[in-house]
Amino acid sequence: MITIYGLKNSLSPRRQAIADVIYNCLYLGLDIPKGKHAIRFLCLEKDDFYYPFDRSDDYTVIEINLMAGRMEGTKKRLIKMLFSELEYKLGIRAHDVEITIKEQPAHCWGFRGMTGDEARDLDYDIYV
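Reading guide: rules and limits
Residues numbered from 1 in each chain as written. Predicted model: local features only at pLDDT ≥ 70, side-chain atom pairs only at ≥ 80, totals over all residues. Heavy atoms only, no water. Pairing = 2+ DSSP bridges. Helix = DSSP H or I, 4+ residues; strand = E, 2+ residues; numbered from the N terminus. Axes fitted to C-alpha atoms, helices over the stretch in contact; angles between N-to-C directions. Contact = heavy atoms within 4.5 Å. Disulfide = S-S within 2.5 Å. Buried < 20%, exposed > 50% of the residue type's maximum accessible area, 1.4 Å probe, protein only. Core = buried A, V, L, I, M, F, W, Y, C linked by side-chain atoms within 4.5 Å. Salt bridge = Lys/Arg side-chain N within 4 Å of Asp/Glu carboxyl O.

Read from one edge of the open sheet, four strands run E2-E1-E3-E4, paired in mixed fashion. A single partner strand is all that each edge strand has here, and the edge strands are strand E2 (39-44) and strand E4 (97-104). Here the strands of the sheet are splayed against their neighbours by 15° on average, with no regard to which way each runs. Across the sheet, helix H2 (residues 15-30) touches strand E1 (2-7), E2 and strand E3 (60-67), and the angle it forms with E2 is around 140°. Strand contacts of helix H3 (residues 72-90): E3 and E4, with the helix running at about 150° to E4, the strand carrying the most contacts.

Before going further, it helps to examine the state of the cysteines. In this structure the tally under the stated criterion is zero disulfides. There is no disulfide at Cys25, and the cysteine sulfur nearest it, in Cys43, is 19 Å away. Relative accessible area serves as the criterion here: at 24%, Cys43 is assigned to the partly exposed category.

Attention shifts here to the nonpolar core. Nonpolar side chains in soluble globular proteins tend to be buried together. Membership of the largest hydrophobic core comes to 21 residues, with the highest contact counts inside it found for Ile18, Ile22, Ile62, Ile64, Leu82 and Leu86. In terms of residue count, the dominant contributor to this core is H2 (six residues). Ignoring anything within four residues of it in the chain, the contact list for Leu86 reads Ile18, Val21, Ile62, Gly91, Ile92 and Val97. Of all hydrophobic cores here, the second largest spans six residues; its members include Met67, Trp109, Ala119 and Ile126.

Once that is clear, we can look at the pattern of salt bridges. Inspection of the entire model under this criterion finds 10 salt bridges. With a closest N to O distance of 2.7 Å, Lys46 and Asp57 form a salt bridge. Here Lys46 is found in the loop between E2 and E3, whereas its partner Asp57 is found in the loop between E2 and E3, with 11 residues between them in sequence. In the salt-bridge network here, residues are joined through shared partners; they are Asp54, Arg55 and Glu98.

Quick look at the pairing of E1 now. Of all six residues in E1, five are buried; the element is thus mostly enclosed. As paired elements, E1 and E2 share six bridges and run parallel to each other. Residue pairing in the sheet places Ile4 in a bridge with Phe41 of E2. The pairing of E1 with E3 spans five bridges and is classified as antiparallel. Within E3, the position partnered with Gly6 by the bridge is Thr60.

Take it as geometry only, folks, not as evidence of what the structure does.
What follows is the structure, encoded as structure tokens:
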């Protein structure tokens with residue numbers, strides 16, 4: 001599950017491009033096939049989103065939920081790749097992006113009628 005927050009005027013027109021960047025980075029950084037994570041956008045009105053005073057209206061928050069198991073270096077590489085790709089492809093400065101990776105043990109995930117620790121058919125490795 002991935003949630004992206006931002007101002008409606010800035011975020012709305014870029015939704016597909018941001019999703020493409022995130023999916024591509026997850027594939028390159030974590031070897032997760034495209035489309036394996038749900039992405040939701042929370043497009044907020046200016047008076048509903050208080051963000052740091054030194055950010056622009058492009059300020060974007062990305063929360064990525066993963067099953068625990070990836071190495072620290074792998075997660076850091078993913079974060080830096082997202083900063084780089086969002087700036088290069090969409091012009092969103094790294095200073096205007098905040099990323100958090102939230103990890104939960106596999107038994108705390110539920111999908112396709114089972115818990116994550118019961119899944120034996122994932123087509124990617126969570127221990128990278």
